[in-house]
Amino acid sequence: MSFPKNFFWGGATAANQCEGAWNVGGRGMTETDVTTGGTATTPRYRTYVMPDGTEGKLSQFASKPKGAKFAVLDGYKYPNHEAIDFYHHYKEDIALFAEMGFKMFRMSIAWSRIYPKGIEEEPNQEGLAFYRSVFEELKKYNIEPLVTIWHFDTPLYIEEEMGDWANRDVIALFDKYAKTILTEYKGLVHYWLTFNEINNTVNFFDAMEDSKTDAGWQNVYQHLHNKFVASAHTVKMAHEIDPENKVGCMICGTLSYALTCDPQDVFAKDEKWQSGVLYCSDVQCRGYYPYYAQKMWDAHNVKLDITEQDLKDLKEGCVDFYTFSYYSSNCITTHKDTETASGNMINGAKNPYLEYSDWGWSYDPLGLRIYLNYLYDRYEKPMMIVENGLGALDVLNEDGTVHDDYRIDYLRKHVKAMKDAIEIDHVDLIGYTTWGCIDLVSAGTGEMRKRYGFIYVDIDDDLKGSGKRYRKDSFYWYKKCIASDGEDLD
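The rules behind these values
- Residues numbered from 1 in each chain as written.
- Predicted model: local features only at pLDDT ≥ 70, side-chain atom pairs only at ≥ 80, totals over all residues.
- Heavy atoms only, no water.
- Helix = DSSP H or I, 4+ residues; strand = E, 2+ residues; numbered from the N terminus.
- Rg over C-alpha atoms; globule rule 2.2 N^0.38 Å.
- Contact = heavy atoms within 4.5 Å.
- Salt bridge = Lys/Arg side-chain N within 4 Å of Asp/Glu carboxyl O.
- Buried < 20%, exposed > 50% of the residue type's maximum accessible area, 1.4 Å probe, protein only.
- Core = buried A, V, L, I, M, F, W, Y, C linked by side-chain atoms within 4.5 Å.
- Pairing = 2+ DSSP bridges.
- Axes fitted to C-alpha atoms, helices over the stretch in contact; angles between N-to-C directions.
- Polar contact = N/O pair within 3.5 Å; in protein donor to acceptor, adjacent residues only side chain to side chain.
- Phe/Tyr/Trp six-rings, centres within 6.5 Å; stacked < 30°, edge-to-face > 60°.
- Parallel < 35°, antiparallel > 145°, perpendicular 65-115°, else oblique.
- Left-handed = near helix turned anticlockwise from the far one by under 90°.
- Nonpolar A, V, L, I, M, F, W, Y, C, P; charged D, E, K, R; others polar.
- Expected span 1.5 Å × (residues − 1).
- Bend = angle between axes of the 7 residues up to and from the residue.

Caption draft 1: Expanded view of the overall build of the protein chain. Tallying secondary structure elements over the protein chain gives 14 helices and 19 strands in all. Over its C-alpha trace the protein chain gives a radius of gyration of 21 Å, about what one expects of a compact globule, namely 23 Å for 490 residues. Across its three principal axes, the protein chain shows a C-alpha extent of roughly 55 × 55 × 50 Å. In the protein chain, 74% of the contacts between residues at least 6 apart in sequence involve partners at least 24 apart.

Set out below in structure tokens:
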């Protein structure tokens, strides 16, 4: 058995990293709009203003000063404001996806395009019309949309005025948003994801510069619980609105190894797996909290606000399939003075058996196969890899070519790992959407030069350039890969 004939080959993007048009068509603000550009060695900042007018900035994982309000300030560069302007180029870009032979395009809907503050009674019609046009364009080419309902873009009003997802009232606001788009796009969209990389709520908190207090952990776990409930509501609504709908979870797939055979390292790795990956997918796939959750809560004196109705909803709202991002792996150790590495904002010890990219990400295609086996064995649900790719410094030549053999090599090895997982291990893998199928703004660094796409977009880190699209060598390679259902990888 090789890749099935109905396998969903495609690519993935996120609204806040590619759409641009941040203040066009009635769209409201999100935290991304106040986030500056950065580099591999300098952080992205979020800008704010104090009640007395004092302006300031803080890193992505620092706590905001009391009384501060996020704001767009003069003198800063905000790359997501314009990004690659997919908002005005979507027809051109979708035509290029179709030329490659895409069967699926993963994208997200910006919540603040539909409900600018998140609290409005009626949706923004311009936002609804925009996404309808995108879906109709995809349908013209027989490309199935895979729509992420939330991709790091809670309306800023909800974050600042309502306490974000730690407030139970946000569940009802998300329910309204989800019901609106599920109803509006009935028949145009059949595959949905509720929350992108939902487990990063824990992982990002772990990366915060501030001391992690019990109050902070209380907020994190309540935040997650409310998202779990909202996700379960969405699954139930999706099935009721259209029985053909399928809804999945989306997990940041960080594979962790024990750095040594010291039992302390092995146990630390297992605990990292539980807290950083499995906690979220266990709830969404099984419909209840895992046994080890109590240990995690006890460690920080967490007392969740959970109702009997919540527990019933979680059980009735299990996802239909499991999706995840996979870029690299890391190592966990209890030993000091070990060389460290980082990738996708997840830190760990450096693996001496792997090579690393310019941004500190390990190359580990076998790790993808290991991850697929582990999670398919755990849940026995259909699986999709919805983010995978290589960020690199691509060079646009004078003749309009981009020679990215390094990306082809990376993708080839990961496709082979997927093939082995299907043919040899019999994992039910149904789709693969590479990350950043067209160049876009990096979420981690805010750069354009960290490029993932098969399509080069002529925009630089200073947001200058023609915006013209160019086919890279990997464009033609992936076209051949799709046409052969993963058989021709040379």
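Caption draft 2: A look at the pattern of salt bridges. The full count for this structure, using the stated rule, is 34 salt bridges. When the shortest N-O distance is used, the salt bridge between Glu31 and Arg46 registers 3.1 Å. With Glu31 in the loop between helix H1 (15–18) and strand E2 (45–49) and Arg46 in strand E2, this pair connects stretches of sequence that are 15 residues apart. Given the relative accessible area of 7%, Arg46 is considered buried. Across the pair Arg451 and Asp439 runs a salt bridge, and its minimum N-O distance is 2.8 Å. Separated by 12 residues along the polypeptide, Arg451 in strand E17 (residues 450–451) and Asp439 in the loop between strand E16 (429–435) and E17 bring together distant segments of the chain. Connected via shared salt-bridge partners are Asp394, Asp404, Arg407, Asp439, Arg451 and Lys472.

Caption draft 3: Broad picture of the nonpolar core. If you look at the biggest cluster of nonpolar residues, it comprises 126 residues, and the most contacted ones within it are Tyr279 and Tyr322. In terms of residues, this core owes the most to one element, helix H8 (residues 214–241), which gives 12 residues. Those residues in contact with Tyr279 that sit more than four places away from it in its chain are Tyr221, Leu224, Phe228, Gln274, Tyr289, Pro290, Tyr292, Ala293, Met296 and Trp297.

Caption draft 4: Region of interest: the sheet that holds strand E4 (residues 69–70). With respect to topology, 3 strands assemble into an open sheet ordered E3-E2-E4, the strand pairing being antiparallel. The strands lining the two open edges of the sheet, one partner per strand, are strand E3 (55–59) and E4. Where E2 meets E3, 5 bridges bridge the pair, whose relative direction is antiparallel. When the sheet's bridge partners are listed, Tyr45 is paired in E3 with Ser59.

Caption draft 5: Geometry of the sheet that holds strand E6 (residues 144–150). Taken in spatial order, the 8 strands close into a barrel running E1-E5-E6-E7-E8-E10-E14-E16, and their pairing is parallel. Pairwise comparison of adjacent strand axes, ignoring direction, gives a mean angle of 25 degrees for this sheet. Both strand E5 (residues 104–108) and E6 contribute to a ladder of 5 bridges, which runs parallel. Opposite Met107, over in E6, you have Val147 as the bridge partner. On the sheet, helix H4 (residues 125–140) packs against E5 and E6 and is oriented at approximately 170 degrees with respect to E5.

Caption draft 6: Representation of the side chain of Ser325 in the model. Looking at where Ser325 falls in the secondary structure, it is placed in strand E10 (residues 321–325). Under the relative-accessibility criterion, Ser325 is labelled buried at 1%. A distance of 2.6 Å separates the side chain of Ser325 from the side chain of Glu197, its partner in a polar contact.

Caption draft 7: Up close: the packing of aromatic side chains. Within the structure shown, the criterion is met by 46 aromatic pairs. Both rings, one in Tyr327 and one in Trp361, keep their centres 5.0 Å apart while their planes meet at 90 degrees; by these two values the pair is edge-to-face. Here Trp361 lies in the loop between strand E13 (346–349) and helix H12 (365–379) and Tyr327 lies in the loop between E10 and strand E11 (329–332), a separation of 34 residues in the sequence. The residues Tyr327 and Trp361 share a single accessibility class, namely buried. Where Phe454 meets Tyr478, the ring centres are 4.5 Å apart and the plane angle is 10 degrees; that geometry is what we call stacked.

Caption draft 8: Quick look at the packing of H8 against helix H9 (residues 263–286). At a minimum axis separation of 10 Å, H8 and H9 run at an interaxial angle of 30 degrees. Considering the angle they form, H8 stands roughly parallel to H9. For the element pair H8 and H9, the recorded crossing hand is right-handed. Here Tyr221, Leu224, Phe228 and Ser231 of H8 lie close against H9, whose contacting residues are Tyr279, Cys280, Val283 and Gln284. Grouping the constituent residues of the contact of H8 with H9 by class yields 6 nonpolar, 2 polar and no charged.

Caption draft 9: Spotlight on H9. Along its 24 residues, H9 runs just 29 Å from first to last C-alpha, ending more than 12% under the 34 Å computed at 1.5 Å per residue. Along H9, the sharpest kink reaches roughly 55 degrees, centred on Leu278. The opening residue of H9, the one whose side-chain oxygen lies 2.9 Å from the backbone nitrogen of Gln264, is Asp262. Backbone geometry just after H9 places Gly287 at a positive phi near 90 degrees.

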